[in-house]
Amino acid sequence: MAIVEFKNVSKIYQNGEHEQRALDGVNLDLEEGKFIVILGPSGAGKSTLLNLLGGLDTPSEGTILVGGRDISTLTPNELAEYRAASVGFVFQSYNLIPTLTVIENVALVKEIAPNPLSSHDMLKAVGLEDHIHQFPSELSGGEQQRVSIARALAKNPQILLCDEPTGALDSGTGVTVLKLLLSMARELGKTIVIVTHNQNIAKMADVVIRVKNGRIQSCENQENPLKAEEVDW
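Peer 1: Whenever I open this one, the environment of Leu123 confuses me. Can you help?
Peer 2: By the element assignment, Leu123 lies in helix α4 (residues 119–125). According to the relative accessible area criterion, Leu123 is buried, its value standing at 0%. Separated by 16 residues in sequence, Leu123 and Leu139 have C-alpha atoms that sit 14 Å apart. In this structure, Leu123 is in contact with Val102, Ile103, Val106, Leu128, Glu129, Ile132 and Ala150, ignoring residues within four places of it in sequence.

Peer 1: When you look at the sheet that holds strand β4 (residues 61–66) in this model, what are you seeing that I'm missing?
Peer 2: Sheet strands associate in pairs through backbone hydrogen bonding, adopting either a parallel or an antiparallel arrangement. Judged by pairing direction, the sheet is antiparallel, and its 4 strands sit side by side in the order β2-β1-β4-β5 without closing on themselves. A strand with exactly one partner marks an edge of an open sheet, and here the two such strands are β2 (18–31) and β5 (69–70). Judged from the 2 bridges that link them, β4 and β5 form a sheet pairing that is antiparallel. Looking across to β5, one finds that Leu65 is bridged to Asp70. Against the sheet, helix α1 (residues 46–53) engages β1 (2–15), β2 and β4, with an angle of about 120 degrees to β1.

Peer 1: Whenever I open this one, the packing of aromatic side chains confuses me. Can you help?
Peer 2: Evaluation of the coordinates by the stated rule reveals 1 aromatic pair. Taking 5.8 Å as the distance between ring centres and 10 degrees as the angle between the ring planes, the aromatic pair formed by Phe89 and Phe91 counts as stacked. With a relative accessible area of 19%, Phe89 lands in the buried category.

Peer 1: Hey, could you run me through the sheet that holds strand β8 (residues 191–196) in this one?
Peer 2: Taken together, the 6 strands give an open sheet; going across it, the order is β6-β7-β8-β3-β9-β10, and neighbouring strands pair in mixed fashion. At either end of the open sheet lies a strand with only one pairing partner, and these are β6 (87–91) and β10 (215–221). Put simply, the sheet's adjacent strands are angled 15 degrees from each other on average, direction ignored. Summarising the sheet, strand β9 (residues 207–212) and β10 pair through 6 bridges and their orientation is antiparallel.

Peer 1: Quick question: what am I supposed to make of helix α5 (residues 141–154) here?
Peer 2: Side chains of residues three or four places apart in an α-helix project in the same direction, reflecting 3.6 residues per turn. With 14 residues, α5 should reach 20 Å at 1.5 Å per residue; the first-to-last C-alpha distance of 20 Å fits that figure. Trailing α5 by a residue or two, Asn156 shows a phi angle of about 60 degrees, which is positive.

Peer 1: Could you clarify how one ought to interpret empty space enclosed by the protein in this entry?
Peer 2: If a probe the size of a water molecule is rolled over the atoms, the empty space left behind becomes visible. For the coordinates displayed, the defined rule picks out 1 cavity of 30 Å³ or more. Every residue lining the largest cavity is listed: Phe6, Leu28, Leu30, Ile38, Leu49, Leu50, Leu53 and Val193. Among the elements that line the lining of the largest cavity, the one with the most residues is α1, at 3 residues. Broken down by class, the residue content of the lining of the largest cavity amounts to 8 nonpolar, no polar and no charged.

Peer 1: How should I be thinking about the pattern of salt bridges in this particular structure?
Peer 2: Between side chains of opposite charge, a pair can form as their charged atoms come close. According to the stated counting rule, one finds 5 salt bridges in the structure shown. With a shortest N-O distance of 3.3 Å, Asp24 and Arg21 are connected by a salt bridge. The residue Arg21 makes a salt bridge to Glu61 at a minimum N-O spacing of 3.6 Å. With Arg21 in strand β2 and Glu61 in strand β4, this residue pair connects regions lying 40 residues apart in the sequence. By relative accessible area, Arg21 is classed as partly exposed at 34%. The class of Glu61 is partly exposed, set by a relative accessible area of 36%. By sharing partners, the salt bridges in this structure join Arg21, Asp24, Glu61 and Arg215 into a single network.

Peer 1: Please explain the layout of surface pockets as it appears in this structure.
Peer 2: What the largest pocket holds in volume is close to 260 Å³. Around the largest pocket, the lining is made up of 14 residues, and of these Phe89, Val109, Ile112, Arg151 and Lys155 lie nearest the centre. Elements that contribute at least two residues to the lining of the largest pocket include exactly β6 and α5.

What counts and how
Residues numbered from 1 in each chain as written. Predicted model: local features only at pLDDT ≥ 70, side-chain atom pairs only at ≥ 80, totals over all residues. Heavy atoms only, no water. Helix = DSSP H or I, 4+ residues; strand = E, 2+ residues; numbered from the N terminus. Buried < 20%, exposed > 50% of the residue type's maximum accessible area, 1.4 Å probe, protein only. Contact = heavy atoms within 4.5 Å. Pairing = 2+ DSSP bridges. Axes fitted to C-alpha atoms, helices over the stretch in contact; angles between N-to-C directions. Phe/Tyr/Trp six-rings, centres within 6.5 Å; stacked < 30°, edge-to-face > 60°. Expected span 1.5 Å × (residues − 1). 1 Å grid on protein atoms, 1.4 Å probe; cavity = no way out; pocket = protein on both sides within 12 Å on 5 of 7 lines; lining within 4 Å. Points joined across faces, edges and corners; volume = space filled by probe spheres on them. Nonpolar A, V, L, I, M, F, W, Y, C, P; charged D, E, K, R; others polar. Salt bridge = Lys/Arg side-chain N within 4 Å of Asp/Glu carboxyl O.

Honestly, that's just the spatial picture; any functional story needs more than this.
In structure tokens form, the structure reads like this:
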């Protein structure tokens, strides 16, 4: 079942008299509970796709349906409610508040999410149960990334959007983070969407979408995706 539908979606940025089409007539369906990787070079439109799906931006043309709801026509306040209720974000930068402890950083989502999960349970799920009272500066990069994943999951989102989530990590820590994201799709039924230029991550995906010059080049279902530990990093 498609949880996301892009119908003839374009995003046009105006820079003086110059027009840039970041996305150009994209049609795309994303199924619920899948581990999805969007591949493409810099400037291909990958992050624009992610921003539109996350309600961080609005399309210039076309329709975006999430769970049957048209988010392309929402007001700024309605988009804020959509982001709070339906979408989790994991970025390359961890965006943790340094003066708050690990569990306090995760518990922040209770202020905005209508149906939050237990902060402690989510930190346990990412293997940080013994670090809940530490501050971000006391953690490694991989541990901080896992805190950001726990925070995103604590929102109890339909969709988890990840923009180069392992870009700043060493290969071993990156594998740990990817194994965790895979388990979110396989065991918890979350729809995970990762934007990356890393071909190795694509080997683990249920669906690989290739983007170039703002257009979908291909959308491939993989019958036997690899596990994170099976990928030759």
